[in-house]
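What follows is each chain in one-letter form.
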Amino acid sequence: MRKKRVLLLSEGFGSGHTQAAYALAVGLKQLCPNISARVIELGNFLNPVIGPLIISAYRKTVSSQPKMVGLMYRSNYKKPTNRLAQLALHRVLYTQTTQVIAQLKPDLIVCTHPVPNTVVSRLKRLGLDIPLYTLITDYDAHGSWVNQEVNHYLVASPEVKHRLIEKGVKPERVEVTGIPVHPNFWNTYSKEEVQSQYKLKDIPTVLIMGGGWGILYEDNALSYMTKWRETTQLIFCVGSNEKMKEKMLADPLFQHPNIHIIGFTHEVHKLMDVADLLITKPGGMTCTEGMNKGLPMLFYEPIPGQEEENCEYFIQSGFGEMLNSNDTVDKWFQLIHDREAASEFRKELLSKRNLQYDAMRCPKAVLQFMQ
């Protein structure tokens, strides 16, 4: 008897979409070893030369002109991708999608990015007979996610479900599953072992992350945090931003035994287990990982659009606050130095997490659909 096959399609516009796809794939395999799950960043896979160039251009635009990105997001917020744009996408970049699907023979396709979701929806309209499930990887529902051919939507929160319904999606086609996180985030790791691995002290610790691309804006808050370096451990995780890493390593402000600057790592789950506070760009994936760990969060420089919505969701849910002044830094750093108060707050956040989030719910839902 052949294994059931799930094809997960993403794109590399930010790391969260693909991380969610891998998290779902690994979760499916852990829950049901008799499943084959394949993750593909479709544009890069079909166009290994052009695809990375497009992503690089998008990345530069996000870095240099975030307001324009927000304007584009809002201007098309209510509208699905029109038929002409769908046709253009398919003919210019995705002409071989049909062959890929035919070769892999999936029983189910899950899309974690609007572009492959649009491409596969068009193929279903032309006769492709494979169920299509769409996993929305932010705490918002942009119109580009919406296609009549989607069999089922998997969403982060009841608010996202409501926004899809407002856009004409039938309620029975939407299930609130939460965004899946990698099983590494399901477990708690020994604090002592992680501290030993990274040569960390057992003192109040702040993890500062710049998003999947390691984009850290040069604002006063980063420098201001170093004021606390004698009593607070600061772990700066700058991702793939090597220039920022080199710049920070050369800056005397960051040259201190309690300051650690880390590039790209696959062990964020471990770093979260030694952290008392997470300061981050509000990407849907990172915020969900932080919530799963019960970490209080401060959010900075959200990209206009979906990151603003992510930020609003977690602030309203009580998991964090916008980092908008040095006073905010002082307030939260003082909190984590009060061990009793910090411990009580973490218990409160874990209780909230248990009420609204279960890391296994999304892979369990997909397995149920396949039965």
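Structure shown above.
Since the model is a prediction, treat every value here as computed from it, not as a measurement.

**Details of the overall build of the protein chain**
Secondary structure summary: the protein chain contains 17 helices and twelve strands in total. Per-residue burial over the protein chain gives 54% buried out of 371 residues. For the protein chain, the share of sequence-separated contacts (at least 6 apart) that also reach a separation of at least 24 residues comes to 69%. If you sum the accessible surface of the protein chain, you get close to 16,900 Å²; carbon and sulfur atoms cover 53% of it.

**Topic: the sheet that holds strand β2 (residues 35–41)**
Remark on secondary structure: sheet strands pair via backbone hydrogen bonds, oriented parallel or antiparallel. If you trace the six strands from one edge of the open sheet to the other, you get β2-β1-β3-β4-β5-β6, paired in parallel fashion. The open sheet has two edge strands, β2 and β6 (174–176), and neither has a second partner. Taking each pair of neighbouring strands and ignoring which way they run, the sheet shows an average axis angle of 20 degrees. Where strand β4 (residues 132–135) meets strand β5 (residues 152–155), three bridges bridge the pair, whose relative direction is parallel. By the bridge assignment for β5, L135 is matched with L154. Strands β1 (4–10), β3 (108–111) and β4 of the sheet are contacted by helix α7 (residues 114–125), whose axis makes an angle of about 160 degrees with β4.

**Looking at the nonpolar core**
Among the nonpolar cores identified, the biggest contains 77 residues, and L8, L207, M225, F236, I279, F314 and F333 are the most heavily contacted of them. Counting residues in hydrophobic clusters, the runner-up holds 25 residues, among them I130, L132, W145 and V176.

**A few points about the environment of V110**
Locating V110 in the fold gives a position in strand β3. In sequence terms V110 and V366 are 256 residues apart; their C-alpha atoms lie 9.1 Å from each other. Apart from the residues within four sequence positions on either side, V110 is in contact with V6, L7, L8, L9, L24, Y133 and L135.

**A look at the packing of aromatic side chains**
Counted under the stated rule, the structure contains nine aromatic pairs. With 6.5 Å between their ring centres and 50 degrees between their planes, F299 and F314 make a pair best called tilted. One end of the pair, F299, is in strand β11 (residues 297–299); the other, F314, is in helix α14 (residues 306–316), and 15 residues separate them in sequence. For the pair F299 and F314, one class covers both residues: buried. The interplanar angle of 55 degrees and the centroid separation of 5.8 Å between the aromatic rings of W332 and F345 together place this pair among those described as tilted. With W332 in helix α15 (residues 326–337) and F345 in helix α16 (residues 339–356), this residue pair connects regions lying 13 residues apart in the sequence. On the accessibility criterion, W332 (8% relative accessible area) is buried. Exposure remark for F345: the relative accessible area of 17% places this residue in the buried category. Members of the aromatic cluster, connected to one another through ring pairs, are Y139, F299, Y313, F314 and F319.

**Here's the deal with the pairing of β4**
Of the two faces of β4, the one carrying L132 and T134 and the one carrying Y133 and L135 are both buried. Two strands pair when backbone bridges link them, and β3 and β4 are joined in this way by three bridges, in the parallel orientation. Each residue of the ladder has a partner; that of I109, found in β4, is L132. In terms of handedness, the path from β3 via α7 over to β4 forms a crossover that is right-handed.

**Quick notes on the pattern of salt bridges**
Following the criterion strictly, the structure yields eleven salt bridges and no others. E149 serves as the salt-bridge partner of R125, at 3.5 Å between the closest nitrogen and oxygen. Taken together, the residues span a long stretch of sequence, with R125 in helix α7 and E149 in the loop between β4 and β5 at a distance of 24 residues. Look at E149 and you get buried, because its relative accessible area is 15%. Through salt bridges with shared partners, one network takes in D140, R163 and E309.

**With respect to the pairing of β1**
For a regular strand, side-chain orientation follows a simple rule: the groups alternate between the two sheet faces. The element β1 is extensively covered by neighbouring structure, given that five of its seven residues are classed as buried. Examined bridge by bridge, β1 and β2 share seven bridges and lie parallel to one another. Bridging from a neighbouring strand, L8 pairs with V39 of β2. For β1 and β3, the ladder comprises four bridges, and the chain directions are parallel. Across the sheet, residue L7 finds its bridge partner in β3, namely I109.

**Focus: the sheet that holds strand β8 (residues 233–237)**
What the six strands build is an open sheet, ordered β9-β8-β7-β10-β11-β12; its pairing is parallel. Edge positions in the sheet fall to β9 (259–262) and β12 (320–322), since each has one partner strand and no second. Strand-to-strand twist across the sheet, computed as the mean angle between neighbouring axes with direction ignored, equals 15 degrees. In terms of strand pairing, β8 meets β9 through four bridges, oriented parallel. By the bridge assignment, L234 is partnered in β9 with I259.

**Considering the side chain of N292**
Mapped onto the elements, N292 comes out in helix α13 (residues 284–292). Among residues more than four places away in sequence, those in contact with N292 are V181, F185, W186, L350, R353, Y357 and A359.

Criteria and cut-off values
- Residues numbered from 1 in each chain as written.
- Predicted model: local features only at pLDDT ≥ 70, side-chain atom pairs only at ≥ 80, totals over all residues.
- Heavy atoms only, no water.
- Helix = DSSP H or I, 4+ residues; strand = E, 2+ residues; numbered from the N terminus.
- Buried < 20%, exposed > 50% of the residue type's maximum accessible area, 1.4 Å probe, protein only.
- Contact = heavy atoms within 4.5 Å.
- Areas by Shrake-Rupley, 256 points an atom, 1.4 Å probe, with all protein chains shown as cover.
- Pairing = 2+ DSSP bridges.
- Axes fitted to C-alpha atoms, helices over the stretch in contact; angles between N-to-C directions.
- Core = buried A, V, L, I, M, F, W, Y, C linked by side-chain atoms within 4.5 Å.
- Phe/Tyr/Trp six-rings, centres within 6.5 Å; stacked < 30°, edge-to-face > 60°.
- Right-handed = clockwise from strand over helix to strand, strands pointing away.
- Salt bridge = Lys/Arg side-chain N within 4 Å of Asp/Glu carboxyl O.

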